[in-house]
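Chains, contacts and geometry: an overview
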Amino acid sequence: MSGAFRTASGGRIDRTQPILFGFDGRAMTGFRGDTLASALLANGVHLVGRSFKYHRPRGIVAAGSEEPNALVTVDRGGGRLTPNLRATQLELRRDLKATSQNRFPSLDFDIGAVNNLFSPLFSAGFYYKTFMWPASFWKHVYEPLIRSAAGLGRAPTEPDPDRYLHRYAHCDVLVIGAGPAGLAAALAAAETGARVILCDEQSEPGGSLLAETEARIEGRPAAEWAAGVARALAGQDRVTVLPRTTAFGWFPDNLIGLAERVTDHQDRPDPRLPRERLWQVRAREVVIAAGAIERPLVFPGNDRPGVMLADAGRIYANRYGVRVGDRAVIATAGDSGYRAALALLGAGATIAAIADLREDPAGAAVEAARQAGIAIRPGTAIAGSRGGHRVTEASLRRIGGSDRVERLDCDVLLMSGGFTPAVHMFSQSRGRLRFDAALQAFLPGKSAARERSAGACNGRFDLEGCLDEGFTAGAAAAKAAGCGSPRTRRFARAGAVPAPGGFLGAVPGTGKGKAFVDFQNDVTAKDLQLATREGFRSIEHVKRYTTTGMATDQGKTSNMNALAIVAGALDRPIPEVGLTTFRMPYTPVTFGTIAGASRGMLFDPLRHTPIHDWASEHGAVFEDVGNWKRARYFPRSGEDMHQAVARECTAVRMAAGMFDASTLGKIEVVGPDAATFLERMYTNAWARLAPGRLRYGLMLNEAGFIMDDGVIARLAPDRFHVTTTTGGAPGVLNHMEDYLQTEFTDLKVWLTSITEQYAVIAVQGPRAREIIAPLVEGIDLSPAAMPHMSVQTGQICGVATRLFRVSFTGELGFEINVPADHGRAVWEAVLQAGAAYGIVPYGTEAMHVLRAEKGYIIVGQETDGTVTPADAGLDWAIGKAKKDFVGKRSLSRPDIVAPGRKQLVGLLTHSPQEVLEEGAQLVADPHAEIPMRMIGHVTSSYHSAALGRSIALALVADGRSLLGQTLYVPMPDRMIAVTLVAPVFYDQEGRRLDG
Amino acid sequence: MADPAAARVHPLAVLGAGSMPGAGATLRALPPACRISLRADPQVAAAIAAAIGLPLPEAMCRANVLGARAALRLGPDEWLLIGPEAAGESLARVAMAVPGPASVVDVSHRSTALEIAGPRAVAVLGAFCALDLDAAAFPVGMCTRTLLGKAEIVLWRSAAECFRIEVWRSFAPYVWNCLEEGRLEFFI
């Protein structure tokens, strides 16, 4: 019932659990334990996709993650769309709905297949040769063409509703791969008490043992032994066994990235589970036991559906109980073809013949095939294939013989060019590969990281060798991690030892037709030969020119064949041609896995002040300032921003306003050398600032440019309360710590961030004192006792406060610092107390207007990292008598003192209601030729309610010498005339500071 | 209107009330506390410790607990003193009274504390914190400043399966939500 090609028994599938699934809308049945590939094959489906460039029909080639062809899109509904999943790794689950890719309108009839007819046009370097001239074609013709043809699968268009999570982990020994070598390594390491993580990309541990039907280990069938070992390991406290987990990337200091597929195999995943998990494992030692990948043979027509890797055919038979065809021709360069033949025979297929490239094949597997009566053709190459959507015929040719070919009917053609050790992770660890001439393979050579390879990825292909080498590697890793040694252990095993054998490059004596090397990127042997004829010598260049090995499978099945073909064409030995670099990820990793939980409200911390909720409840419109949400304005019903801001500004000038200034950075600087430290960090003089007084502080960087500013209170001889800008807070603290820890180590002073200790409520306006007076205890608010720029401690509303008399509006003002938990209550008390006086809450927008009316700069708005104190008109803030401070020497640099620097000025538009655009440029001559000489730019621009007109601040070259003159702001449609004025627009004398 | 001195808003007031207990790991907001950042050379710090009767840990990144009070050594010249709020003022005052160069700063409201406890607490933290929290690498009594996701925290293992997290108040909801996200799978 689960397909005509299912064997009667055998395999690791659960025949009691049939599963209905869909492929391209066709309903089929498989079993629990199937992959999509094995279930499709059980239903006789080989054609699963179209190739990337030529749109040739393609079938399933492999049984594992190396699969180049069988890429499908799975839609789990509700935005859960994943393209480019390998059908060979996709575990069957209830109602799995997969669709083929790269075809239109259907897999059987694909319009793009016309490319195949024009294939001579698509030779190596096709893009470079075709899309060259004329240059004007690039943007509107070539690029859209290439874009529409590019890419595999289609990206989802809806947000992914699934959850993803990260996990950091640490271990003594990480074992990559749970085949025989990996299991043995984990056993050895675990026995020493080491913390072990064992990961494997397959659905269950066992690796190659899962398809093993003959070998026995320690008296048990190999697969059973593997399951038992994995269970025992998983049961140990200090061992973590992670199936469905691919080690995909190697980062510095043995940080290994693992991608765990947590729920995709489940019928009804619990939404509380993450779909995938990124493990970031810091491993003291790593054992790489990644196995080996079988190579296809390169011959014409090697890409027809039904042409598969021999070992894949064996795995489908033994592990999944699937007969990949009824009549098989097998082309091989080693024992793998024979093992596959025997497995298929056992699954009920007929073997038409085995064509062996070797002249005298011998050994147990060959003998067994002979015994089984299989026709063996030694010294015979596969010359080609025929068939449309499925292979129907294979042709064989005797190597070195006549041109006569033997044509054999078949519905499946298995090929084996031998095995390529999976050295990807070793190479990623920056270890040096060496070429083993006997094995004709690159093997791990000199290590760069704390790792060791074992088993097939290290060139050991026999089971006994894998087990022993794995155990030894696990023991060595544990020892190197400082965990002692396990008892020695030998794994008694029984079963045939496969003889090595392999072939690299294009099969000799083959005829015409496309012989594919890279199936996924449609690169043929001819493309590679053409590239060498066109002068490419380095494999790195050939790779980029032909795109071989550059598809999502990174050439797992193709790299060695490509290398051999290039080496052959250049008549140079393989190691001289070199190997391309292996890069992460080993197999593709989803964006979800990389992003993890960092989305929505967990994307970045959203910082709220203690008064935020009140503002939110009262309709504030917020803006982002760094990670903070700040109330921008508080619109009343029917008001737009302009009206709300004008009302808020007017209230501050006429009565009072209150403002949440909690986000201001605050640093408590304490210690006997606190004043000395501030002398060095700020331009101003601090030594003689009396306790109880405030001073504006200006901070420069080493280059003499303005870095930050703020008001600093001296609370006691050895204690300062420093404020910084909201955005500058962390940077200022780091800057101070940097100097304290590296330059001023002699100073006894400590810095503590108190930004979040205090909620800060600014009460500004002529009625400010009257409003807070009844709430304050223990503080004399009278102008004599508490003048402008002073601080007192006491209580407000029964809460301890540091009360500043300070103004960023030009009005009489106070800033109330209270412990943050009390911020909202004090805010509400002040609002209530001020109601009779007409107090209103105002936001950052009104704050900006009010300060601009007074010409107070905002660091980051009037400054851009290239503005000096003199440029900003802040010379007065420099302690002239000071010997030194950070940035002082830079202030006498020739370019800093030269004329022509941009200086802060005010601008008044000739048309008073015209509000300039911030960032607009200023020119002297409106009739000058374009490009005009730009002599300045607008830094701040607002409508001022107090003045009934627009105002702006600008930086203009030598601006202070141009006061009274007219400059122009060129806009796309007109010129705006402005007059330069001093940058203080309101209350030039500063009388309002006293109420 | 409520007395502002009494009316307080805890940064985790709303979130803290909504957390479901779980078998794997339980998350809860801890009550307000007195917190003092003490910065001084070790000899001066020791004198202060003697005066307030709370011995300071000598080992780096270790906490000393005495009754309801605790001292966490976060750096060569840095300790975080935590105590019940009622005792806070006296703690501060005593510390202030000690002569010698030192910095004693009240940071009670700067941070809030939460606790994650249970057999899966390490796994939950491991979703966002890169430190090795194995009992051998991060034993009971160990504390350190570190990152949880994108937020700075002080992480203190107060018992084998119990961690106290000190976090600046505006980052507390983010940290809380991260941990809730990490806990979710352990409800199964």
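Residues numbered from 1 in each chain as written. Chains lettered and ligands numbered in written order. Predicted model: local features only at pLDDT ≥ 70, side-chain atom pairs only at ≥ 80, totals over all residues.

Side note on the sheet that holds strand 46 (residues 902–909) of chain A
All names here are of chain A. Reading across the sheet, the six strands line up as 47-48-49-46-51-50 and stay open at both edges, with antiparallel pairing between neighbours. Since the sheet does not close on itself, it has two edges, and those belong to strand 47 (921–922) and strand 50 (966–970), each with one partner. The pairing of strand 46 with strand 51 (residues 975–981) spans four bridges and is classified as antiparallel. Bridge pairing links L907 to L980 in strand 51. Strands strand 48 (936–944) and strand 49 (949–957) of the sheet are contacted by helix 23 (residues 844–853), whose axis makes an angle of about 110 degrees with strand 48. (Pairing = 2+ DSSP bridges. Helix = DSSP H or I, 4+ residues; strand = E, 2+ residues; numbered from the N terminus. Contact = placed C-beta atoms within 7 Å. Axes fitted to C-alpha atoms, helices over the stretch in contact; angles between N-to-C directions.)

Some words on the sheet that holds strand 2 (residues 26–32) of chain A
Residues and elements named next belong to chain A. One open sheet accounts for five strands, arranged 2-1-7-5-6; its pairing is mixed. Looking at strand neighbours, the two that pair on one side only are strand 2 and strand 6 (81–86), the edges of this open sheet. Across the sheet, the mean angle from the axis of one strand to that of its neighbour is 35 degrees, orientation sign disregarded. Relative to strand 6, strand 5 (residues 71–75) runs antiparallel, the two sharing four bridges. Across the sheet, the residue bridging to L71 is R86, located in strand 6.

Looking at the environment of E180(B)
Residues and elements named next belong to chain B. Mapping E180 onto the fold places it in helix 5 (residues 172–183). We classify E180 as partly exposed; it has 17 C-beta atoms within 10 Å. Sequence spacing of E180 and V124 is 56 residues, and the spatial spacing of their C-alpha atoms is 8.5 Å. (Buried ≥ 20, exposed ≤ 12 C-beta atoms within 10 Å, placed from the backbone.)

A few points about the interface of chain B and chain A
Contact residues are listed per partner, giving 42 residues for chain B and 43 residues for chain A. When residues of the side of chain B that touches chain A are traced back to their parent elements, those giving at least two are strand 2 (33–40), strand 6 (102–106) and helix 5 of chain B. Considering each element in turn, the side of chain B that touches chain A owes the most residues, five residues, to helix 5 of chain B. Of the residues contributing to the side of chain B that touches chain A, the split by class is 21 nonpolar, 10 polar and 11 charged. (Nonpolar A, V, L, I, M, F, W, Y, C, P; charged D, E, K, R; others polar.)

Description of the domain arrangement of chain B
All names here are of chain B. Its domain assignment divides chain B into domain 1 (13–31 + 110–187) and domain 2 (33–106). Here the C-alpha centroids of domain 1 and domain 2 sit 23 Å apart. Contacts between domain 1 and domain 2 engage 10 residues on the former and eight residues on the latter. If you list the elements that add at least two residues to the side of domain 1 that touches domain 2, you get strand 7 (111–117), strand 8 (143–148) and strand 9 (151–159). Residues of the side of domain 1 that touches domain 2, tallied by class, amount to six nonpolar, three polar and one charged. (Domains from an automatic or database assignment.)

Some details on helix 19 (residues 674–681) of chain A
All names here are of chain A. Along helix 19, six of the eight residues are buried, which leaves the element largely enclosed by surrounding structure. Of the positions making up helix 19, those classed as buried are A674, A675, F677, L678, R680 and M681. Buried positions along helix 19 lie against strand 35 (665–670), strand 36 (694–700), strand 37 (706–716), strand 38 (719–724) and helix 20 (729–742).

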